[in-house]
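Each chain, letter by letter, is given below.
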Amino acid sequence: MADSSAQPIAKYRSDYQAPSYTIENVALDFDLEPTATTVRAVSTVQRLDPQVGDLVLDGEKLELLSLKVNQQEHQHYQLSEGQLSISDLPERFELEIVTQINPQANKAFEGLYQSGAAFCTQCEAEGFRRITYFLDRPDVLATYSTKITADKAAYPYLLSNGNKVAQGELDNGKHWVSWQDPFPKPSYLFALVAGDFDLLQDSFTSRSGREIALELFVDKGNLERSEHAMASLKAAMKWDEQRFNLEYDLDIYMIVAVDFFNMGAMENKGLNIFNSKYVLANKQSATDSDFLGIEAVIGHEYFHNWTGNRITCRDWFQLSLKEGLTVFRDQEFSSDLGSRAVNRIKNVRLLRSHQFAEDAGPMAHPIRPDKVIEMNNFYTLTVYEKGAEVIRMLHTLLGEQAFQAGMQTYVERHDGQAATCDDFVNAMQDASGKDLSLFKRWYSQSGTPVVSVQTQFDAAKQQFSLTLSQSTPATADQPEKLPLHIPVSIELLASNGASIPLQAGGKPVSEVLELTQAQQSWVFDAVAEEPCVVLLQEFSAPVKLDYSYSSEQLLLMINHASNTFARWDSMQKLIAGWMQQAVAKVQQQQALELEPAIIATFEQLLQDQAIDRGLLAELLTISSENEIADNFQEVDIDAIAKARDFFIEALALALAEPFAQLEQRCAEADQQSLAHSDIAWRSLRAACLQFVGFSQPQRVAAAYFESSLMTDKLAAMAAANTAAIEQRNSMFKDYEQQWQHDGLVMDKWFALEASFSGGDALARVKALTEHPSFSMENPNRIRSLIGSFANNNARHFHAKDGAGYCYLAEILTLLNKQNPQVASRLITPLIQTVKLDKQRKAMIIEQLEGLAALDELSKDLYEKVSNGLQQLKG
Ligand code: B3K
Ligand code: ZN
């Protein structure tokens, strides 16, 4: 953005204005050609605000061929950057606009584009304006009918939203299909797909007895990898009826898997479009976590049919209304079907390793942002994952029954509408009778609150008092912070591990304390001995805890806390405490050692036959470098890496035998099914292999070469990375030879090559961009190779000579023009760097300044680069 006068303009939530015109229905007519597709859009337009004359439509990268009002050519319009402004209009009229677009040239994958040989669309957030001039905003709800014409041989399937109503053939080898979607929807939910696919068909009988056709379209030859996605869809439909009382509405539900897609998937009404990564899986080509990811994303997009489609967002600032809620729903779906404890742990790990970093970084924003330059930059962990935590807190405060009553109220009040986050909380408040006025602050305040703890025990009175204080550090977007409504779920443990019933004033009290002020105290009585207080059971709020537990207390909680999450969390605290000291020692060039107490804790866990296998796997998984970094005010990349490496190797050598024995047991116990018990055995085996590589590398190689399951193979490859074993080469070669024809499967290999800390990782990554399976146009490949390098190979990406930063900046320069959305996601590890040392920050600033000076810097990168620079220079 060399020319400062061309700086992109920010939009503010406070500026919201209702639309002055609306579009009630639109008939779209597509004639599909790769480089010159014509789109005729006939809309019924109604003026809503008598004060407003001109109709201003959004449009980008369109060629306008004709414009008619009530069937007459209309000359009174003006075209400007991104807008078509039409004047001299009656109050209600038919508007016909014909545009031409070039899908083949569209490498940003927004609007109508080509994925391989197929046509497909992505309209959220503001992609529909790349198809035709329109009121491209979520509070304009129209009914759509769509006619698609295309070459029959190349595109036998022509799909759009709703129900198929007519089809026919033309003389010129083309055919056409018409679709009608009876439910009014915003333009971002429009979808079109044309191509040649294999089709998996099934059906679902809804609870009211309606037969719903289910159709899953995949690239030719991929049918045998589609069954899990279909099974997941049926499970999601059933679960939403049972748990949320919500039934599907159309007679058909279609999912199409495409290889070129910027994100995971898209919930277009009746026609979901998916990244093939979240559809295709069999046990030879996909890991258990792929299978679970598919279940979650299929569920997530399906659940949007109510939370997102039937009730949509009034404006994009309200995105968390649909995303936070739908993530909460998909998390509950996964937890009801699988292991609740393991799911909770995984969600919290994501939050701590990445969302907390977002809060501390230059793009900090509340779950309902106030200021946006490029909306696509706000599909964030904050809006999604913290948004889901906010819904979860409501669930914790209200309980399942009142929460579901609130959901019913929400649906009854707002079905068919574009709603706000306030509407949602009001529905919860009205249905439950609970005052949620202070709770609403979670929507407007950014940052990660810190809750600090003081305790006091009065042996004579048998009273235990607990004082909690809250404060939220200033963030890049908001200097001032206020107290929030924080549910803190607690348990008191006696020294023998027994749970002490909570009572106050002689009566039982809830385990969920409601912290609403800057500081508050609670007194519990009938407490016979000084208890250990377990805080934030089930991670009841997305906060950091400031409380130094003694090692004895941590061990007590690891072994006896009633809440499984709390047990795992105590283990994390034990490891984090060690890491804090170890990093300081590395910095002072002192020797490291692993205390016998820590080794003993692990040893005891390894012998524990009773503990859930999946949970044990999580307990044995050492926090990532990103998670560890979150505990530091200043991040010393190299010291953290050294400390973590030492911990893993020292533990592996101290407990070589028990790790090897447990790994063997897991291999024998696994029945190789997708049952959750078997997934748990395999995840435990993977956790053990991480250590076994240091003492028995041949076991790691055996896990790779002897198993036919991708889960085991990948676990072995990850272990080979960790211990840098000699057999690593032959394993990676074998994988490459077997899978090089399949980009999706190669993504795992690229990711492991890029995150391996051995050798010259940067040179390896650069060389791999020339690999035949790699493509700089495919977002999945870019994320696997370059994203993994920047996010998961800190010591190389942050190399002291700045070469990692320089390389990422080169890639971003390339992607800025081609695919700004992918570029904008890739830049995160370069801008979330305020906690680094001065020298590194100076080199990062230099790279960001280079990007800032680019000609035609996209809005996406502009917003992140300028915020990044501001914070780093701040
Ligand atoms: N709603 C889409 C995300 C769209 C992202 C636009 N840049 C997928 C989802 O959250 O379900
Ligand atoms: Zn979503």
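Residues numbered from 1 in each chain as written. Chains lettered and ligands numbered in written order. Predicted model: local features only at pLDDT ≥ 70, side-chain atom pairs only at ≥ 80, totals over all residues. Heavy atoms only, no water.

Next up on the list: helix H2 (residues 288-303). With 16 residues, H2 extends 22 Å between its outermost C-alpha atoms, agreeing within 8% with the 22 Å of an ideal straight helix rising 1.5 Å per residue. For H2, the buried fraction is high: 14 of the 16 residues fall into the buried class. (Helix = DSSP H or I, 4+ residues; strand = E, 2+ residues; numbered from the N terminus. Expected span 1.5 Å × (residues − 1). Buried < 20%, exposed > 50% of the residue type's maximum accessible area, 1.4 Å probe, protein only.)

Overall, antiparallel pairing links the three strands, which are arranged E4-E8-E7 in an open sheet. In this open sheet, the two strands that pair with only one neighbour each are strand E4 (55-58) and strand E7 (77-80). On average, adjacent strands in this sheet sit at an angle of 15° to one another, irrespective of strand direction. Two strands pair when backbone bridges link them, and E7 and strand E8 (residues 83-86) are joined in this way by four bridges, in the antiparallel orientation. Among the inter-strand pairings, Tyr77 is bridged to a residue of E8, identified as Ile86. (Pairing = 2+ DSSP bridges. Axes fitted to C-alpha atoms, helices over the stretch in contact; angles between N-to-C directions.)

Predicted confidence across the protein gives a mean pLDDT of 98, with 99% of residues reaching 70 or more. Below pLDDT 50 for its whole length, residues 1-5 participates in twelve contacts with residues either more than four positions away or in separate chains. (pLDDT = per-residue confidence, 0-100. Contact = heavy atoms within 4.5 Å.)

In an ideal octahedron of six donors the angles at the metal are 90 or 180 degrees, and in an ideal tetrahedron of four donors they are 109.5 degrees. Taken together, the protein donors to the zinc ion (ligand 2) comprise His300 (NE2), His304 (NE2) and Glu323 (OE), at separations of 1.9 to 2.0 Å. Within one chain, the residues serving as donors to the zinc ion (ligand 2) are arranged as H-x3-H-x18-E. Looking at His300, the relative accessible area reads 7%, which means it is buried. Using a relative accessible area of 0% as the deciding quantity, one classes His304 as buried. (Donors = N, O, S within 2.8 Å, 3.2 Å for Na, K, Ca; no water.)

As a matter of local geometry, ligand 1 sits amid 15 residues, with Glu124, Glu267, Glu301, Asn376 and Tyr384 nearest to it. The side chain of His300 places a nitrogen or oxygen atom 3.1 Å from an oxygen atom of ligand 1. Between ligand 1 and the protein, one listed contact pairs a nitrogen atom with a side-chain N or O atom of Lys322 at 3.4 Å. Mapped onto the shell around ligand 1, the elements with two or more residues apiece are strand E20 (265-266), H2 and helix H3 (319-337). Tallied by class, residues from the shell around ligand 1 come to six nonpolar, four polar and five charged. (Near = heavy atom within 4 Å. Polar contact = N/O pair within 3.5 Å; in protein donor to acceptor, adjacent residues only side chain to side chain. Nonpolar A, V, L, I, M, F, W, Y, C, P; charged D, E, K, R; others polar.)

Where helix H4 (residues 340-360) meets helix H9 (residues 564-587), the axes come as close as 9 Å, and the angle between the chain directions of the two elements is 45°. The angle between H4 and H9 places the two elements in the oblique class. Considering the relative orientation of H4 and H9, their crossing is right-handed. Counting all contacts with H4, which are made through Ala341, Arg344, Ile345, Val348, Arg349 and Arg352, the residues of H9 involved are Thr564, Phe565, Trp568 and Asp569. For the contact of H4 with H9, the per-class residue count stands at five nonpolar, one polar and four charged. (Parallel < 35°, antiparallel > 145°, perpendicular 65-115°, else oblique. Left-handed = near helix turned anticlockwise from the far one by under 90°.)

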